[in-house]
Amino acid sequence: MLNLNDYLKKAKNGHYAIGHFNFATADVLRGIIEAAKEAGASAVMVGTSEGEAGFIGMKEAVVLVAALREEYDFPVFLNADHFKNFEKCKEAIGAGYDSVIIDASRLPYHENIAVTKKVVDYAQSVNPDISVEGELGYLRGTSEVQRKIEISPADYTQPNLAFNFLSHTKVDRLAVVFGNIHGIVTEQTEKLDIEHLKRIVLAVNSARSIFHFWRNRTVYLVLHGASGLKDEDVVASIKAGIVNVHFNTELRVAYREGIEKAIHAKPDEAAPYKYLAPAIEDVKKVVSQKIKLFISHV
Ligand SMILES: [Zn+2]
């Protein structure tokens, strides 16, 4: 079976992106996988934040993903999304996650490098198929709907630091900041700085040539916080070199609103699967629309 980095490589060569969607319950997980397959994705990443993992359970998430991967005969990769320290990443790797994001971007730069490198080395020692993502730059926001967030170019991933970070940590994927934020804001327009992304891509490509020599690996750039962005901004970022796009908040909103609608429509309905099923249809619509966007310009 091909590993996640193999699928990311195909995406990079084919100039499309692989979607990453979060879940905390089995019904949402199934909805994501069904929609991704139906929409024509080559593979899909599903993620649990530390909070989501705490709710569903790491071992449970691993077993569910394995069962659904087999049932749908479709490549699904489970990611530990924004795990904040080495111990949590180690726990996810021990549970059988295919991928981890060590998010130490709020630590001083050298501490970020140190802990990210520690996770990369540990993952490699356990299973070389595991893909590790690091994060550089200050990604503001939370996975919620918010009113307004100040976005400053000072928060952006600096291209020279990206090169330096990659050569020290040797992560497979790098989460970059170029105007993106986590969550949805209601009182401002989210806008990506594609020219800044292009400068990061140039710097990373020079790092990649070194990687090729070291490990025969490449580096994949990741867009977080794509909820709330205009479609054309997402497509422009993929054209400029993004190969993995994270959506979470729009799915959460679809799920929540779907449940509310179903309960309002039948206030006496007590069977969870009856009021959850329509909400999953709404989640599937969002996933399907996003996947089609990621592969639209190919
Ligand atoms: Zn994220």
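In this report, we go over the structure that sits alongside the text.

Criteria and thresholds
Residues numbered from 1 in each chain as written. Predicted model: local features only at pLDDT ≥ 70, side-chain atom pairs only at ≥ 80, totals over all residues. Heavy atoms only, no water. Donors = N, O, S within 2.8 Å, 3.2 Å for Na, K, Ca; no water. Helix = DSSP H or I, 4+ residues; strand = E, 2+ residues; numbered from the N terminus. Buried < 20%, exposed > 50% of the residue type's maximum accessible area, 1.4 Å probe, protein only. Expected span 1.5 Å × (residues − 1). Pairing = 2+ DSSP bridges. Axes fitted to C-alpha atoms, helices over the stretch in contact; angles between N-to-C directions. Contact = heavy atoms within 4.5 Å. Parallel < 35°, antiparallel > 145°, perpendicular 65-115°, else oblique. Left-handed = near helix turned anticlockwise from the far one by under 90°.

## A look at the coordination of the zinc ion
Around the zinc ion, the protein contributes the donor atoms His82 (NE2), His182 (NE2) and His224 (ND1), at 2.0 to 2.1 Å from the metal centre. Considered as a linear motif, the donors of the zinc ion on their single chain read H-x99-H-x41-H. Taken as a pair, histidine 82 in strand 3 (residues 76-83) and histidine 224 in the loop between strand 9 (220-223) and helix 9 (231-240) lie far apart in primary sequence, 142 residues in all. Exposure remark for histidine 82: the relative accessible area of 10% places this residue in the buried category. Looking at histidine 224, the relative accessible area reads 1%, which means it is buried.

## Side note on helix 10 (residues 249-265)
End to end, helix 10 covers 24 Å across 17 residues, agreeing with the expected 24 Å (1.5 Å per residue, within 8%). Turning to helix 10, its buried residues number three or more, namely Thr249, Glu250, Leu251, Ala254, Tyr255, Gly258, Ile259 and Ala262.

## Quick notes on the sheet that holds strand 7 (residues 173-176)
Whether parallel or antiparallel, the strands of a sheet pair through hydrogen bonds between backbone atoms. Strand order in the closed barrel made by the eight strands is 1-2-3-4-5-7-9-10, with parallel pairing throughout. Put simply, the sheet's adjacent strands are angled 25° from each other on average, direction ignored. One ladder, built from four bridges, connects strand 7 with strand 9; its direction is parallel. The residue bridging arginine 173 from the neighbouring strand is tyrosine 220, located in strand 9. Sheet contacts for helix 6 (residues 109-126): strand 4 (99-102) and strand 5 (131-135); angle to strand 5, the most-contacted strand, approximately 175°.

## Re the packing of helix 5 (residues 86-95) against helix 6
When two helices pack together, their arrangement is given by the angle between their axes and by how far apart the axes lie. The geometry of helix 5 relative to helix 6 is characterised by a closest axis approach of 10 Å and an angle of 20° between their N-to-C directions. With respect to helix 6, the axis of helix 5 lies roughly parallel. Where helix 5 crosses over helix 6, the handedness of that crossing is right-handed. Where helix 5 approaches helix 6, its residues Phe86, Cys89, Lys90 and Ile93 are matched on the opposing element by Val115, Lys118, Val119, Tyr122, Ala123 and Val126.

Taken by themselves, the reported measurements are silent on function.
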